[in-house]
Amino acid sequence: MSMTEKAGRRFADLDLWSTPDILEALWGGQARAVSACLATLPALSAAVDAAAARLGGTGRLIYAGAGSSAVLAALDGLELPGTFGFPLDRIELVLAGIGDLRRGFDGAVEDAGDAGADAVRALGPTPSDIVIGVSASGRSAFTVGALDAARHAGAQTVAIASNPDCPLLRAAGHPLFVDSGEEVIAGSTRLAAGTAQKLLLNLFSTALMVRLGHVHGNLMVNVQVNNAKLRARALDMLCRITGADAHRAAQALTDCDGALKPAALVLLRGLAPAAALAALARAGGNLRRALGE
């Protein structure tokens, strides 16, 4: 029996415990899962650097999963356009049995390895693509099939699982095993294993966005300014980067249609907005490089 399915004896009478004790046990499971992620950082670092070298300006991030893992994978991918400006058309979701989320998942699809492989092949993966498969048990046939097809097409494959030497980890070029341990509630991998998955996905995609130049210093300079809150955030970052007052920064941001990086070049290098965009393009979208730093 895998660790994610094991029923721990110490929690056998959980339903008889007081609510504070139940919550403390659940918190402890989550805390252990977070701590377990530390051991994966060397392998995670290698996966990030390899992905940054491949992805370039055309590669896609393709997320594959089933059940709760699929929802966590989708959440990670769908946050990237708004937060880091990564193009939505370069994000693909290969999710087993998910239609209307309110109706849950079609569990039978998770067992269909051919379905996962066919879904990935339909996307026409290339060596510039990164395919990330997530499964707590590491035995989801759908997700394993997806990674197998991606690897055979030459794409970079990354797997996150909480059981060692499982099929999903064996299918990946960059296997990330996180020993999240037995669950407080047996088989409920949305708990500790799910927490570990969310953390590793977050670490992977965030570090990748840093390597791709979507972060300047520790500021998310590719934020999409589509509401008042985000405009205020972009304005504050622009003032920090350039030292300009709020009035000049606001005007530059308006002249650049809300794009922070060209606005910074307008203020720091005296470029016109079109010239700032051209300078950024020559620098591969990297503001530090465009500034000559």
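Our structure's up above, just so we're on the same page.
Each value, and the rule that gives it
- Residues numbered from 1 in each chain as written.
- Predicted model: local features only at pLDDT ≥ 70, side-chain atom pairs only at ≥ 80, totals over all residues.
- Heavy atoms only, no water.
- Helix = DSSP H or I, 4+ residues; strand = E, 2+ residues; numbered from the N terminus.
- Buried < 20%, exposed > 50% of the residue type's maximum accessible area, 1.4 Å probe, protein only.
- Contact = heavy atoms within 4.5 Å.
- Areas by Shrake-Rupley, 256 points an atom, 1.4 Å probe, with all protein chains shown as cover.
- Lys, Arg positive; Asp, Glu negative; His and termini not counted.
- Charge placed at Lys NZ, Arg CZ, Asp CG, Glu CD.
- Pairing = 2+ DSSP bridges.
- Axes fitted to C-alpha atoms, helices over the stretch in contact; angles between N-to-C directions.
- Polar contact = N/O pair within 3.5 Å; in protein donor to acceptor, adjacent residues only side chain to side chain.
- Parallel < 35°, antiparallel > 145°, perpendicular 65-115°, else oblique.
- Left-handed = near helix turned anticlockwise from the far one by under 90°.
- Nonpolar A, V, L, I, M, F, W, Y, C, P; charged D, E, K, R; others polar.

Engineer: Before we go on, may I ask you to explain the overall build of the protein in this structure?
Structural biologist: Each helix and strand counted, the protein has 13 helices and 5 strands in total. Taken along the three principal axes of its C-alpha coordinates, the protein extends 65 × 50 × 35 Å. Here the protein, with 293 residues, has 46% of them falling under the buried criterion. In the protein, of all internal contacts separated by at least 6 residues, the share reaching a separation of at least 24 is 66%. Surface exposure of the protein reaches about 13700 Å², of which carbon and sulfur atoms provide 55%. In the protein, 26 side chains carry a positive charge and 27 a negative one; their mean positions are 8 Å apart.

Engineer: I would appreciate a short explanation of the sheet that holds strand E4 (residues 156-161) in the present structure.
Structural biologist: What holds strands together in a sheet is hydrogen bonding between their backbones, with the strands either parallel or antiparallel. The 5 strands lie next to each other as E2-E1-E3-E4-E5, forming an open sheet whose pairing is parallel. Across the chains shown, the open sheet's two edge strands, defined by having one partner strand only, are strand E2 (91-96) and strand E5 (174-177). Neighbour-to-neighbour, the strand axes of this sheet turn through a mean angle of 15°, independent of strand direction. Pairing of strand E1 (residues 61-66) with strand E3 (residues 130-134) involves 5 bridges; the strand directions are parallel. From the neighbouring strand, isoleucine 62 faces E3, where its bridge partner is valine 131.

Engineer: Could you clarify how one ought to interpret the side chain of serine 137 in this entry?
Structural biologist: Looking at the secondary structure, you find serine 137 in the loop between E3 and helix H6 (141-152). Here the side chain of serine 137 touches arginine 139 through a polar contact of 3.1 Å, landing on its backbone nitrogen.

Engineer: What is the right way to look at the packing of helix H10 (residues 246-255) against helix H11 (residues 260-269) in this model?
Structural biologist: Pairs of packed helices are described in terms of their axes, by the angle between the two and the distance that separates them. Interaxial distance between H10 and H11 falls to 8 Å at its minimum, and their mutual angle equals 125°. Put simply, H10 runs oblique to H11. As H10 runs across H11, the sense of the crossing is right-handed. Contacts between H10 and H11 involve Arg248, Ala249, Ala252 and Leu253 on the former and, on the latter, Leu260, Ala263, Val266 and Leu267. Looking at side-chain class alone, the contact of H10 with H11 contains 7 nonpolar, no polar and 1 charged residues.

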